[in-house]
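Residue strings, one per chain:
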Amino acid sequence: MDFRPIAHVFGLVILALGVLGLFPALADWVDEGPDSLVFLASAGVTLFIGGALSLSTYTPGTKLSLPQAFVLTPVCWFGLPLFAALPFLWGHQDLGWADAYFEAVSGLTTTGSTILTGLDGMPQGILLWRGLLQWMGGLGVIMIAIAILPLLKVGGMQLMRTESSDRSDKVLPRASQLAGAIGLVYLLLTVICQAAYWMSGMVLFDALVHGMTTVATGGFSTSDLSMAAFSPAAQWICVLFMIAGSLPFVLMVRALYGQPGALWRDSQVRTFVSIILCLSLVVGCLIWWGGTFPDLEAGIRNAALNITSIATTTGYAAGDFQLWGAAAPPFFLFLMMLGGCTGSTTGSIKVFRWQILAQEVRRQITQAAEPKRIVSRRFNGKPVPAEIAQSVCVYLFIVLALIGIGAAALAATGVSFITALSGAVTSITNVGPGLGPEIGPAGTFGNLPDAAKWISALLMTLGRLEILTVLVLFDPRFWSR
């Protein structure tokens, strides 16, 4: 395999990260913070290495092949945090490599777990850097879902590609145009969200950062209280745009290009929105009835924000939902496994896979009772190939197995059982907060051993890469071809 195109593209991605590093340098300089020179130095190192790598490996007319694209994806997601961690490592927070790399991975994978405290008094530069990392990571997640996962037949995007195969039904004629349109929709959603936050009473800087981390379903906040620090109007806006970031961006492009009904016609969109609405109303009424909140609106609002945040793997919080009763922790643990729609910025398993799994269960039960009956697999009214259903089942098995392995590895570092189990789940699903007093909604990962942070960072990256994207590199036949 020729690794020069891989190194060239990786260098370009590093260059983009270096350019982003100039914005927090400016913000820290305007805010008279202590880290403006740190960001300049980090950006300088990043730009130099990225430029040297891209220029030294440039070959005119060379394009990435399919195997090279598979190698490039994990190279970017494992290598980019090394450069993104430099401001955390050199800044006034005085973090070690474990903490700095953990925070960078959490940002780029849009997980939202953090080791930092005292966010309310932190300089604007470091807060903006965290928001920019999540915004950049959210866009990268969408591109992976569109370009890489269809080839593994596990994400659901291959069905959208099949639906768009006819020239008459094609959204845009070229993949580059589709990527540009998705980037435009992503930017528009971010700007609208930021404006809505600002109009709700947030100061401009908080609105800018939260707009980026909401649409990216990342969850990094500028306050230790997360969304509980802001007005009820801001919390409702947060719920709305978390849901927007959890919808398929390809379908948003279709809606923008003259097919306004494309979103609601999609089965996973209807299922996902229905689940969020029903759970928010039921749980909101229950916690209000139990006296946790003084009025019904507050109960439904807090339920909607926390449920949407966990289900969409955003990670915001409006108070500690573990105080809602004994059933709350296991409920939210299972909710971490839901995820949004395929082709969105969310992590976790996603609604499409749960729909395919439910059909497989129904199909097996029906054929057990009536062996001669043929039960078809369908999604959005179209047949689903058997290989896709099989791939989804394999993927779900690997996720559950990895959760068990990750929980055992975390427990070996000396943390409690609930911390190990919820830490593994929240890392693999890229949710953010875990359960228990240490890493719950009111805690951070800062007190965990360094070994636990490295393990969590690895699990976050594997979860964001949908696991099979990495495992395929360990197949000898991949390299022999």
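Just so it is clear, the structure is predicted and the values come from calculations on it, not from any experiment.

A.B. asks: Explain the overall build of the protein to me, and be specific about the residues and the numbers.
C.D. replies: Counting its regular elements, the protein contains 24 helices and 2 strands. Relative to the compact-globule value of 23 Å for 481 residues, the protein shows a C-alpha radius of gyration of 22 Å, a close match. Dimensions of the protein along its principal axes, counting C-alpha atoms only, are 75 × 65 × 50 Å. Relative to its full complement of 481 residues, the protein shows a buried share of 59%. Considering only contacts in the protein between residues 6 or more positions apart, those separated by 24 or more positions represent 71%. Put simply, the protein has 25 plus and 25 minus side-chain charges, and the middle of one group is 20 Å from the middle of the other.

A.B. asks: So what about the nonpolar core? Which residues, and what values?
C.D. replies: In terms of nonpolar packing, the biggest core is built from 136 residues, with Tyr197 and Met227 touching the most fellow members. Broken down by element, the residue count for this core peaks at 11 residues, all from helix α19 (residues 386-411). Setting aside residues up to four positions removed in sequence, Tyr197 forms contacts with Met202, Ala207, His210, Gly211, Thr214, Met227, Ala234, Ile237 and Cys238.

A.B. asks: Tell me about the packing of α19 against helix α22 (residues 450-464), and name the residues and values.
C.D. replies: Direction vectors running N to C along α19 and α22 enclose 165 degrees, while the axes themselves pass 10 Å from each other. It follows that α19 is roughly antiparallel to α22 by the angle criterion. Considering only the axes of α19 and α22, their crossing is left-handed. Residues Leu402, Gly406, Ala409 and Leu410 of α19 form the contact with α22, whose participating residues are Ala452, Ile455, Ser456, Leu459 and Leu462. Partitioned by chemical class, the residues of the contact of α19 with α22 number 7 nonpolar, 2 polar and no charged.

A.B. asks: How would you summarise the packing of helix α18 (residues 351-369) against α19 if you had to cite specific residues and measurements?
C.D. replies: In a packed pair of helices, the relevant descriptors are the angle between the two axes and the axis-to-axis distance. Across the interface, α18 lies against α19 with an axial gap of 10 Å and an inter-helix angle of 110 degrees. In terms of orientation, α18 and α19 fall into the roughly perpendicular class. Facing α18, whose interface residues are Phe352, Arg353, Ile356, Leu357 and Glu360, α19 presents Ile388, Ala389, Val392, Cys393, Tyr395 and Leu396. Looking at the contact of α18 with α19 residue by residue, the class counts come to 9 nonpolar, no polar and 2 charged.

A.B. asks: Residues and numbers for the confidence of the model for the protein, please.
C.D. replies: Mean pLDDT over the protein stands at 87; residues scoring 70 or higher make up 93%. Under a pLDDT of 50 for its full length, residues 154-173 has, in the predicted model, 54 contacts with residues more than four places off or in other chains.

A.B. asks: An account of the environment of Leu402 is requested, with residue identities and associated values reported.
C.D. replies: Inspection of the secondary structure puts Leu402 in helix α19. Taking the relative accessible area as the measure of exposure, Leu402 reaches 15% and is therefore buried. C-alpha of Leu402 to C-alpha of Gly112: the two residues are 290 residues apart in sequence and 20 Å apart in space. Those residues in contact with Leu402 that sit more than four places away from it in its chain are Ile428, Leu459, Leu462 and Ile467.

A.B. asks: A description of α22 should follow, citing residues and the corresponding values.
C.D. replies: The terminal C-alpha atoms of α22 lie 21 Å apart, and with 15 residues this matches the ideal 21 Å at 1.5 Å per residue to within 8%. Burial in α22 covers these residues: Ala452, Lys453, Ser456, Ala457, Leu459, Met460, Thr461, Leu462, Gly463 and Arg464. Backbone geometry just after α22 places Glu466 at a positive phi near 60 degrees.

A.B. asks: Give me the lowdown on the side chain of Thr213, citing residues and values where you can.
C.D. replies: Looking at the element boundaries, Thr213 is found in helix α11 (residues 204-215). For Thr213, the side chain forms a polar contact with the side chain of Tyr316, separated by 2.5 Å. Apart from residues lying up to four places away in sequence, Thr213 is in contact with Gly131, Gln134, Gly218, Gly219, Phe220, Thr314 and Tyr316.

A.B. asks: Pulling in residues and values, what's your account of unusual backbone geometry?
C.D. replies: For Asp94, which is not glycine, the phi dihedral falls at a positive 60 degrees. If you check the backbone angles, Lys350 has positive phi at about 85 degrees while not being a glycine.

A.B. asks: Give a detailed account of helix α20 (residues 417-428), specifying residues and quantitative values.
C.D. replies: Under the 1.5 Å per step criterion, the end-to-end length of α20 is 17 Å for 12 residues, consistent within 8% with the ideal 16 Å. With 9 of 12 residues buried, α20 lies mostly within the body of the structure. Those residues of α20 not exposed but buried are Thr419, Ala420, Ser422, Gly423, Ala424, Val425, Thr426, Ser427 and Ile428. Its buried side turned inward, α20 meets α17 (328-335), α19, α21 (436-439) and α22. Just past α20, the residue Asn430 takes up positive phi, approximately 60 degrees.

A.B. asks: With reference to specific residues and values, describe the packing of aromatic side chains.
C.D. replies: Applying the stated criterion to the full structure yields 11 aromatic pairs. Relative to Phe332, the ring of Phe331 has its centre 5.2 Å away and its plane inclined at 80 degrees; by these criteria the two rings are edge-to-face. Of the residues examined, Phe331 reaches a relative accessible area of 27% and is grouped as partly exposed. For Phe332, a relative accessible area of 0% gives the class buried. Taking the ring centre of Phe220 as reference, the NZ or CZ of Arg130 above it sits at 3.9 Å. Over the ring of Tyr395 we find Arg353; its NZ or CZ atom is 3.9 Å from the centre of that ring.

A.B. asks: Pulling in residues and values, what's your account of the pattern of salt bridges?
C.D. replies: For the structure shown, the criterion picks out 9 salt bridges. The closest approach of N and O atoms between Glu466 and Arg353, which form a salt bridge, is 2.7 Å. Here Glu466, found in the loop between α22 and α23 (468-471), pairs with Arg353, found in helix α18; they are 113 residues apart in sequence, far enough to count as distant. Accessibility assignment for this pair places Glu466 and Arg353 in one class, buried. Put simply, Asp99, Asp450 and Lys453 are held in one network by salt bridges that share partners.

A.B. asks: Just give me the short version of the environment of Val351, but keep the residues and values in it.
C.D. replies: As for its position among the elements, Val351 is in helix α18. C-alpha of Val351 to C-alpha of Thr313: the two residues are 38 residues apart in sequence and 13 Å apart in space.

Parameters and conventions
- Residues numbered from 1 in each chain as written.
- Predicted model: local features only at pLDDT ≥ 70, side-chain atom pairs only at ≥ 80, totals over all residues.
- Heavy atoms only, no water.
- Helix = DSSP H or I, 4+ residues; strand = E, 2+ residues; numbered from the N terminus.
- Rg over C-alpha atoms; globule rule 2.2 N^0.38 Å.
- Buried < 20%, exposed > 50% of the residue type's maximum accessible area, 1.4 Å probe, protein only.
- Contact = heavy atoms within 4.5 Å.
- Lys, Arg positive; Asp, Glu negative; His and termini not counted.
- Charge placed at Lys NZ, Arg CZ, Asp CG, Glu CD.
- Core = buried A, V, L, I, M, F, W, Y, C linked by side-chain atoms within 4.5 Å.
- Axes fitted to C-alpha atoms, helices over the stretch in contact; angles between N-to-C directions.
- Parallel < 35°, antiparallel > 145°, perpendicular 65-115°, else oblique.
- Left-handed = near helix turned anticlockwise from the far one by under 90°.
- Nonpolar A, V, L, I, M, F, W, Y, C, P; charged D, E, K, R; others polar.
- pLDDT = per-residue confidence, 0-100.
- Expected span 1.5 Å × (residues − 1).
- Polar contact = N/O pair within 3.5 Å; in protein donor to acceptor, adjacent residues only side chain to side chain.
- Phe/Tyr/Trp six-rings, centres within 6.5 Å; stacked < 30°, edge-to-face > 60°.
- Lys NZ or Arg CZ within 6 Å of the ring centre and 35° of its normal.
- Salt bridge = Lys/Arg side-chain N within 4 Å of Asp/Glu carboxyl O.

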